[in-house]
Amino acid sequence: METDCTRDDLPVNGVTAPLPAGTRLLHIGPHKTGTTAVQGALFAAKDLLPEHGVVFPAHTRHPMEAVLAACARPAMMGDTAPTGKHWTRLLEQVRAAGARTAVVSSEFFADAEDDETVARIVEQLGGELVHVVVTLRPLSRIMPSQWQQYVQNGLRMGYEDWLTHMLRKAPYEQPNPSFWRRHRHDRLVERWARAVGPERITVVVVDDRDRGGLLRTFEQLLGLPGNLLQPVPDTANRSLTLAETEMLRNLNKEFRGNGLPDELYSRLVRNGAVMHMKNACSPSPDDVKILTPEWALEAAAGITAEMTRNIGAAGVRIIGDLRLLSAVPKAPVPDGVPAPRISPEVAARALYGALAAAAEAPVRHTSPAKARTVHQTSSRELMRVLGHRCLKKLRRR
């Protein structure tokens, strides 16, 4: 890398000066940079924070609906659309913090795409009291994790094809325009710096070799005692294996091909099959990993080099070593990678999750004259019947 990323304002002896009391610490992610770990630890310590002058003003670990509403972004596929009431409620909780420091964390703040939206969010949260924290990891680690997350929201495109669209097909916006809005990290920092000034932005480089380092950094920024923030296991947030992702991707194709409603996907697939599978099944060391081809790693390294130069010159506070972001995995993609195969247990868990979600929708029996057995009905028609029954149940709710 061409630029020297050593900065005078890096932590001395690993200690970061705390932000002033009354700060509104706004952690904007982006996605796949340790946000869930931070949110889980803060929420678990919610009742202990006030005695140290800190408030976590949210009723849930992640106030996603509020942030989506603030950023004027749609809900995840099939979920209920967020409203301004969610955001207003969160703002009221932030204001109630008074002279204490309040911390708000959501990776979806990174989806705010224009200066006007960013400036409005900052002003509503407290204006000059707001200090923005951006957590960053290497793009080479983010890409496979972000792809499988998009598959969990209905994406049907394979990994290498997706990489080709994101890295080689200008304007690099299809099929997921949010990817570079979130992960062109230099522009993300610049966008928020225009609203708060570079002196009120801290970039934290996440070092994956130091598992507790990110939480220790947040403790120091908030002036909290050491080890107050503890990791909270969250199997529901784990990434899918390649086999699990491919199973879901093919299910997404069938789902779209049969014209089923998005609400059904949210209920039966993402919050039924996938959620139960992630909670009930732990990845095995033998699982085939999502491997990024060498050409994509090289392309990501070139983009990262430019991003780190721009961030290093932006005048923001940097905690950690920007050079870590340019690290490229040394192990090349091996020849003869075995095809991903879903285990019977994982498939059964996923199927059970979908059935358990579907069981909440009542099944209305047809008249004897019109009744048919399952074996007399096509799979496409069965899926449509199940879909319409669940959709009616959702609408009644």
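Please read these numbers as outputs of a predicted model, since none were measured by experiment.

**Student:** Tell me about the overall build of the protein, residues and numbers included.
**Tutor:** Per the secondary structure count, the protein includes 14 helices and six strands. Evaluated residue by residue, the protein yields a buried proportion of 48% over its 397 residues. Partitioning the contacts of the protein with sequence separation of at least 6, the portion at a separation of at least 24 is 81%. With an accessible surface of roughly 19,800 Å², the protein has 53% of that area assigned to carbon and sulfur atoms.

**Student:** Can you tell me about the packing of aromatic side chains, naming the residues and giving the values?
**Tutor:** Across all of its chains, the model carries nine aromatic pairs by this definition. Centre to centre, the rings of Phe109 and Trp192 are 6.4 Å apart; their planes meet at 90°, and the pair counts as edge-to-face. In this pair, Phe109 sits in the loop between β3 (101-105) and α4 (115-125) while Trp192 sits in helix α8 (residues 185-196), placing the two residues 83 residues apart along the sequence. Accessibility assignment for this pair places Phe109 and Trp192 in one class, buried. Ring geometry for Phe255 against Tyr265: centres 5.2 Å apart, planes inclined by 80°, an arrangement best described as edge-to-face. Of this pair, Phe255 sits in helix α10 (residues 242-257) while Tyr265 sits in helix α11 (residues 262-280), and the two are ten residues apart along the sequence. What makes Phe255 buried here is its relative accessible area of 3%. Note on Tyr265: relative accessible area 1%, which makes it buried. Ring pairing ties together the aromatic residues Trp147, Tyr150, Tyr159, Trp162, Phe179 and Trp180, which thus form one cluster.

**Student:** Go over the nonpolar core, please, and point to the residues and values.
**Tutor:** One finds Phe109, Trp192 and Ile201 to be the most contacted residues of the largest nonpolar core, which totals 64 residues. Tyr265, Leu268, Met277 and Trp295 belong to the second largest nonpolar core, which has 40 residues in total.

**Student:** Explain the pattern of salt bridges to me, and be specific about the residues and the numbers.
**Tutor:** Per the counting criterion, the structure on display carries 15 salt bridges. For Arg73, the salt bridge identified is with Glu113, shortest N-O distance 3.0 Å. With a gap of 40 residues between them, Arg73 in the loop between α2 (64-70) and α3 (84-95) and Glu113 in the loop between β3 and α4 connect regions that are remote in the sequence. Through salt bridges that share partners, Arg73, Glu113 and Arg181 make up one connected network.

**Student:** Account for the pairing of strand β4 (residues 130-136), naming residues and giving values.
**Tutor:** Among the seven residues in β4, seven count as buried, and that is most of the element. Of the two faces of β4, the one holding Val130, Val132, Val134 and Leu136 and the one holding His131, Val133 and Thr135 are both buried throughout. Judged from the four bridges that link them, strand β1 (residues 24-27) and β4 form a sheet pairing that is parallel. Along β4, the bridge assignment pairs His27 with Val133. Here β4 pairs with strand β5 (residues 201-205) via five bridges, running parallel. If you follow Val134 over to β5, its bridge partner there is Val203.

**Student:** Describe the pairing of β5, naming the residues involved and giving the relevant values.
**Tutor:** For β5, a buried count of five out of five residues is recorded, marking the element as mostly surrounded by other parts of the structure. The alternating pattern of β5 places Ile201, Val203 and Val205 and Thr202 and Val204 on opposite faces, both of which are buried.

**Student:** Could you give me a rundown of the environment of Asp115, with the residues and numbers involved?
**Tutor:** Considering the arrangement of structural elements, one finds Asp115 in helix α4. Remark: the alpha-carbon pair of Asp115 and Arg191, spanning 76 residues in sequence, is separated by 6.5 Å. Excluding residues within four positions of it along the chain, Asp115 makes contact with Arg191 and Arg194.

**Student:** So, the packing of helix α5 (residues 139-151) against α10: which residues are in play, and what are the values?
**Tutor:** Put simply, α5 and α10 touch, their axes get as near as 9 Å, and they point 35° apart. The handedness of the crossing between α5 and α10 is left-handed. For the pair α5 and α10, the contacting residues are Trp147, Gln148 and Val151 in the first and Leu242, Thr245, Glu246, Leu248, Arg249 and Asn252 in the second. Partitioned by chemical class, the residues of the contact of α5 with α10 number four nonpolar, three polar and two charged.

What counts and how
Residues numbered from 1 in each chain as written. Predicted model: local features only at pLDDT ≥ 70, side-chain atom pairs only at ≥ 80, totals over all residues. Heavy atoms only, no water. Helix = DSSP H or I, 4+ residues; strand = E, 2+ residues; numbered from the N terminus. Buried < 20%, exposed > 50% of the residue type's maximum accessible area, 1.4 Å probe, protein only. Contact = heavy atoms within 4.5 Å. Areas by Shrake-Rupley, 256 points an atom, 1.4 Å probe, with all protein chains shown as cover. Phe/Tyr/Trp six-rings, centres within 6.5 Å; stacked < 30°, edge-to-face > 60°. Core = buried A, V, L, I, M, F, W, Y, C linked by side-chain atoms within 4.5 Å. Salt bridge = Lys/Arg side-chain N within 4 Å of Asp/Glu carboxyl O. Pairing = 2+ DSSP bridges. Axes fitted to C-alpha atoms, helices over the stretch in contact; angles between N-to-C directions. Left-handed = near helix turned anticlockwise from the far one by under 90°. Nonpolar A, V, L, I, M, F, W, Y, C, P; charged D, E, K, R; others polar.

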